[in-house]
Amino acid sequence: MGRTALYRDPAPFRPARAEAQLDADVVVLVMPDGRQRRHALDGCAVTLLDGFVAVRIATRATRIDARPQRRFVRMLVLERDQERHAIITPPDHGAVAPNVVRLPEAPDEAAILDELAWDALADWVMGGGRLASCSIADLARLAAIATPQFAVLIGEVAAQRALELVWAASGPLRSMVDVEAALHPLVLAARDSPRVAEALIAALAHAAGATRRRRR
């Protein structure tokens, strides 16, 4: 994707977000009104695009709708059979220059995810949905949008990755302090996300058990 010139917009604009709940091959989007959309990821075609949404923003002074604006978004498009679903970043980054840049318009029903959640989901599906290819930092970002069951699995994979790093560098008799240092991205993310905290607990438990078995 190339760079798109944007106009800064002083008017605040923050549409309601959806929440992503990711499992290994399924993502459930909980919409702002409570409805849930379930999208199977296995076998779907995935496309990343720059796009826009058309919005009207009321001014504080008049409370009257201003002229329509084209707000920039990034689009993750999932296609399967005859269905096409778009998941977009928040249209908060500014307006696209009118009649200058040609971009596809996001559908009205597109789900809006916060930037970090969108990035984690996009990286997961574009990477083929393989935990083995994720770094510990990637796993920490992924755990933040995971279901409870998937968060536990992510934590166990992160623990195994941390153990491999520690053992490769120092041998199997190193203390858990080294494992926790290797899990530092997970530790940091757990401060802000209860779901990542669940993954961290699973990671530490898995690492402790693996270390005891290794010493026997």
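Undergrad: Just give me the short version of the sheet that holds strand 3 (residues 26-30), but keep the residues and values in it.
TA: One open sheet accounts for three strands, arranged 2-3-4; its pairing is antiparallel. On the outer flanks of this sheet lie strand 2 (19-22) and strand 4 (36-40), each paired with one strand and no other. The sheet shows a mean angle of 20° between the axes of neighbouring strands, direction not considered.

Undergrad: Run through the environment of Ala-146, naming residues and quoting values.
TA: Mapping Ala-146 onto the fold places it in the loop between helix 2 (136-143) and helix 3 (148-170). When the C-alpha atoms of Ala-146 and Arg-195 are compared, they prove to be 7.1 Å apart, with 49 residues separating the residues in sequence. Every residue in contact with Ala-146, bar those within four places of it in the chain, is listed here: Leu-22, Ala-151, Ile-154 and Arg-195.

Undergrad: Give me the nonpolar core: which residues, what numbers.
TA: Leu-22, Leu-113, Leu-121 and Trp-124 are the most contacted members of the largest nonpolar core, which totals 50 residues. Broken down by element, the residue count for this core peaks at 10 residues, all from helix 3. Look past the residues within four positions of Leu-121 in its chain and what remains in contact with it is Leu-22, Val-27, Leu-76, Ile-87, Leu-113 and Ile-145. The next biggest cluster of nonpolar side chains, apart from the first, holds 10 residues, and it includes Met-75, Ala-86, Ile-88 and Ala-110.

Undergrad: Describe the pattern of salt bridges, and please don't skip the residues or the numbers.
TA: Taken as a whole, this structure holds eight salt bridges when the rule is applied. Among the ionic pairs, Arg-35 bridges to Asp-33, the shortest N-O distance being 2.6 Å. In this structure, Arg-84 engages Glu-79 in a salt bridge whose closest nitrogen and oxygen atoms are separated by 3.7 Å. Taking relative accessible area as the criterion, Arg-84 reaches 47% and is therefore assigned partly exposed.

Undergrad: Account for helix 1 (residues 115-126), with residues named and values stated.
TA: Compared with an ideal rise of 1.5 Å per residue, which puts 12 residues at 16 Å, helix 1 spans 16 Å between its outermost C-alpha atoms and is within 8% of the ideal. Residues of helix 1 that are buried include every one of Ala-117, Trp-118, Ala-120, Leu-121, Ala-122, Trp-124 and Val-125, and no others. Phi turns positive, to about 90°, at Gly-128, one or two residues after helix 1.

Undergrad: Please give an account of the layout of surface pockets that cites residues and values.
TA: In this structure, the largest pocket occupies an estimated 460 Å³ of space. Along its surface, the largest pocket is lined by 20 residues, and Leu-116, Ala-117, Ala-144, Ile-145 and Ser-193 are the ones closest to its centre. Elements with a contribution of two residues or more to the lining of the largest pocket: strand 2, helix 1, helix 2 and helix 6 (194-215).

Undergrad: Lay out the packing of aromatic side chains with the relevant residues and their values.
TA: For the structure shown, the criterion picks out one aromatic pair. Residue placement shows Arg-70 over the ring face of Phe-52; its charged tip is 4.8 Å from the ring centre.

Undergrad: Got a sec to walk through the pairing of strand 7 (residues 83-88)? Specific residues and values, please.
TA: One ladder, built from six bridges, connects strand 6 (residues 69-80) with strand 7; its direction is antiparallel. Paired with Arg-80 across the bridge in strand 7 is Glu-83. Linkage of strand 6 to strand 7, two consecutive antiparallel strands, is achieved through a turn of two residues, within which Asp-81 is found at a positive phi near 55°. Bridge count for strand 7 against strand 9 (residues 111-112) is two bridges, and the pairing is parallel. Residue pairing for strand 9: Ile-88 is matched across the bridge by Ile-112.

Undergrad: Quick rundown of the environment of Arg-35? Include the residues and the values.
TA: In this fold, Arg-35 is placed in the loop between strand 3 and strand 4. For Arg-35, a relative accessible area of 45% gives the class partly exposed. Once the C-alpha coordinates of Arg-35 and Ala-18 are considered, the two residues, 17 residues apart in sequence, prove to be 9.6 Å apart. Not counting chain neighbours up to four residues away, the residues in contact with Arg-35 comprise Leu-29 and Val-30.

Each value, and the rule that gives it
- Residues numbered from 1 in each chain as written.
- Predicted model: local features only at pLDDT ≥ 70, side-chain atom pairs only at ≥ 80, totals over all residues.
- Heavy atoms only, no water.
- Pairing = 2+ DSSP bridges.
- Helix = DSSP H or I, 4+ residues; strand = E, 2+ residues; numbered from the N terminus.
- Axes fitted to C-alpha atoms, helices over the stretch in contact; angles between N-to-C directions.
- Contact = heavy atoms within 4.5 Å.
- Core = buried A, V, L, I, M, F, W, Y, C linked by side-chain atoms within 4.5 Å.
- Buried < 20%, exposed > 50% of the residue type's maximum accessible area, 1.4 Å probe, protein only.
- Salt bridge = Lys/Arg side-chain N within 4 Å of Asp/Glu carboxyl O.
- Expected span 1.5 Å × (residues − 1).
- 1 Å grid on protein atoms, 1.4 Å probe; cavity = no way out; pocket = protein on both sides within 12 Å on 5 of 7 lines; lining within 4 Å.
- Points joined across faces, edges and corners; volume = space filled by probe spheres on them.
- Phe/Tyr/Trp six-rings, centres within 6.5 Å; stacked < 30°, edge-to-face > 60°.
- Lys NZ or Arg CZ within 6 Å of the ring centre and 35° of its normal.

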